Amino acid sequence: MHNDKTIKVDLEDYLMYDKLGVLAIEYTTTINHLANIAIHRLIDDIEFFRGLRKGENISTAHSATHPNEQT
């Protein structure tokens, strides 16, 4: 899905940027795509734990596996 909103993030850890570059080459994708996946997973994890804190049934909360993961 295309979105015209752009967020600029300055990475403070240059080694992390290098690792992202290696992964992007290895998986034939872009660093931006990897960063978007990581941010999406972070937000999903936060929502999952918020649901647990609110006492939601674990079966109705987000599953422990992420939708992008292959099993």
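Here is a short report on the structure shown in this document. (Residues numbered from 1 in each chain as written. Predicted model: local features only at pLDDT ≥ 70, side-chain atom pairs only at ≥ 80, totals over all residues. Heavy atoms only, no water.)

1. What about the overall build of the chain?
Quick note on the threshold: Here a helix means four or more residues in a row that DSSP labels H or I, a strand means two or more in a row labelled E, and each is numbered from the N terminus. Residue exposure (1.4 Å probe, protein chains only): buried if accessible area is under 20% of the type maximum, exposed if over 50%, otherwise partly exposed. The accessible surface values rely on the Shrake-Rupley method and a 1.4 Å probe; as for residues, cover is taken only from the protein chains in view.
Across its full length, the chain carries 2 helices and 0 strands. Taking all 71 residues of the chain together, the buried fraction comes to 13%. Total accessible area on the chain stands at roughly 6,800 Å², and carbon and sulfur atoms take up 57% of it.

2. What to know about a negative patch on the surface
The condition is simple: Each patch groups residues whose relative accessible area exceeds 30% and which form no salt bridge, using 9 Å between like charges and 5 Å between nonpolar side chains of Val, Leu, Ile, Met, Phe, Trp and Tyr. Note on definitions: salt bridges are taken to be side-chain nitrogens of Lys or Arg within 4 Å of carboxyl oxygens of Asp or Glu. The charge count treats Lys and Arg as positive and Asp and Glu as negative. His and the chain ends do not count. Lysine's charge is taken at NZ, arginine's at CZ, aspartate's at CG and glutamate's at CD.
On the surface, Asp 10, Glu 12, Asp 13 and Asp 18 cluster together to form a negatively charged patch. Its location among the elements puts Asp 18 in helix 1 (residues 14-26). Overall, the relative accessible area of 47% leaves Asp 18 in the partly exposed class.

3. Looking at unusual backbone geometry
Of note, Thr 28 is a non-glycine position whose phi angle comes to about 50°, a positive value. Mapped onto the elements, Thr 28 comes out in the loop between helix 1 and helix 2 (31-53).

4. Some remarks on helix 2
How we decide: Given a helix with a known number of residues, its expected span is that number minus one, times 1.5 Å.
Compared with the 33 Å implied by 1.5 Å per residue over 23 residues, the 33 Å span of helix 2 between its first and last C-alpha is a close match. Buried residues of helix 2: Leu 34, Asp 44, Phe 48 and Gly 51, and no others. Looking one or two places after helix 2, you find Gly 55, whose phi comes out positive at around 85°.

5. Focus: the packing of aromatic side chains
Note the cut-off: Note on ring pairs: Phe, Tyr and Trp rings are taken, using the six-membered ring of Trp, and paired if centres are within 6.5 Å. Classes follow the plane angle, with under 30 degrees stacked, over 60 edge-to-face and the rest tilted.
Scanning all chains against the criterion turns up 1 aromatic pair. Aromatic side chains Phe 48 and Phe 49 sit 5.3 Å apart centroid to centroid with 80° between the ring planes, which places their arrangement in the edge-to-face category. Take Phe 48: its relative accessible area is 15%, and that puts it in the buried class.

In short, shape yes, function no, at least from these values alone.
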